[in-house]
Amino acid sequence: MACHSWHIRTFACPATGVLWSIKFCFGCSCSKRIMHIAYSVNVAAYSVALALHAGFRDAATLREMANGALFHDIGMGAVDFRKDGALTPAEWERMKRHPEQAQRMLSTESALGEIALDIVRHHHERLDGSGYPDHLRDDALSPFVRIVAIADVFDALTTDRPRSEEHTSELQSPNTI
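Residues numbered from 1 in each chain as written. Predicted model: local features only at pLDDT ≥ 70, side-chain atom pairs only at ≥ 80, totals over all residues. Heavy atoms only, no water.

Describing unusual backbone geometry
Piece 1. Of note, the bond from Tyr132 into Pro133 is cis; its omega dihedral lies within 30 degrees of zero at 15°.
Piece 2. Within the secondary structure, Pro133 sits in the loop between helix H5 (114-122) and helix H6 (143-158).
Piece 3. Even without a glycine there, the phi angle at His135 is positive, about 55°.
Piece 4. Following the sequence through the fold, His135 ends up in the loop between H5 and H6. (Helix = DSSP H or I, 4+ residues; strand = E, 2+ residues; numbered from the N terminus.)

Dropping the structure here:
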């Protein structure tokens, strides 16, 4: 059974001011929660590295992007799938709503800014419009959303996490990110 209350614990790193999510209860095991936190931190670190490499230097902007990367999949807490294997079409449709649920939750219960909320909502969008939830394409996607999407796929391809096989087709078509 999914936990119907959200318990988000955050702390700010004194050196960077980045908010780190410590615990959010989705009614899953402690080991899965820890794995999700590690995954979120990985995506944030990869995102900052990519942004720096791309020439972004403003500390406040990088901090906001890192916060968006840390919280980008928090909406998965509203999607409780405790099974192995492929999702059914109905489960897939429910899962595709997690970005909207996360944005709605975070826009009322957090101090995240516009860049972070844009990342949370649009990290599954693709340049060709095939993503979700809004089917945005090309320049409608901010560079920060693109960076986090790349970092997310990279982490999925290089770490052992549930459903990482879903990203393998994206590796074959990198121009869609």
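Examining the pattern of salt bridges
Piece 1. Applying the stated criterion to the full structure yields 5 salt bridges.
Piece 2. Among the ionic pairs, Glu93 bridges to Lys96, the shortest N-O distance being 3.3 Å.
Piece 3. Note on Glu93: relative accessible area 42%, which makes it partly exposed.
Piece 4. The residue Arg146 makes a salt bridge to Asp139 at a minimum N-O spacing of 3.8 Å.
Piece 5. Residue class for Arg146 comes out partly exposed when judged on its relative accessible area of 24%.
Piece 6. Given a relative accessible area of 74%, Asp139 falls into the exposed group.
Piece 7. Here the residues in one salt-bridge network are Glu100, Arg121 and Asp134, joined through shared partners. (Salt bridge = Lys/Arg side-chain N within 4 Å of Asp/Glu carboxyl O. Buried < 20%, exposed > 50% of the residue type's maximum accessible area, 1.4 Å probe, protein only.)

A word on the packing of aromatic side chains
The relation between two aromatic rings is expressed through the spacing of the ring centres and the mutual angle of the planes.
Piece 1. Counted under the stated rule, the structure contains 3 aromatic pairs.
Piece 2. Ring geometry for Tyr46 and Phe154: centres 5.0 Å apart, planes at 90°, overall edge-to-face. With Tyr46 in helix H1 (residues 30-53) and Phe154 in helix H6, this pair connects stretches of sequence that are 108 residues apart.
Piece 3. Judged by relative accessible area, which is 30%, Tyr46 ranks as partly exposed.
Piece 4. Since its relative accessible area comes to 40%, Phe154 is described here as partly exposed.
Piece 5. Each ring, one from Phe56 and one from Phe144, has its centre 4.8 Å from the other, and the planes form 50°; the classification is tilted. On the criterion of sequence distance, the pair formed by Phe56 in the loop between H1 and helix H2 (59-71) and Phe144 in helix H6 is long-range, its members being 88 residues apart.
Piece 6. What makes Phe56 partly exposed here is its relative accessible area of 26%. (Phe/Tyr/Trp six-rings, centres within 6.5 Å; stacked < 30°, edge-to-face > 60°.)

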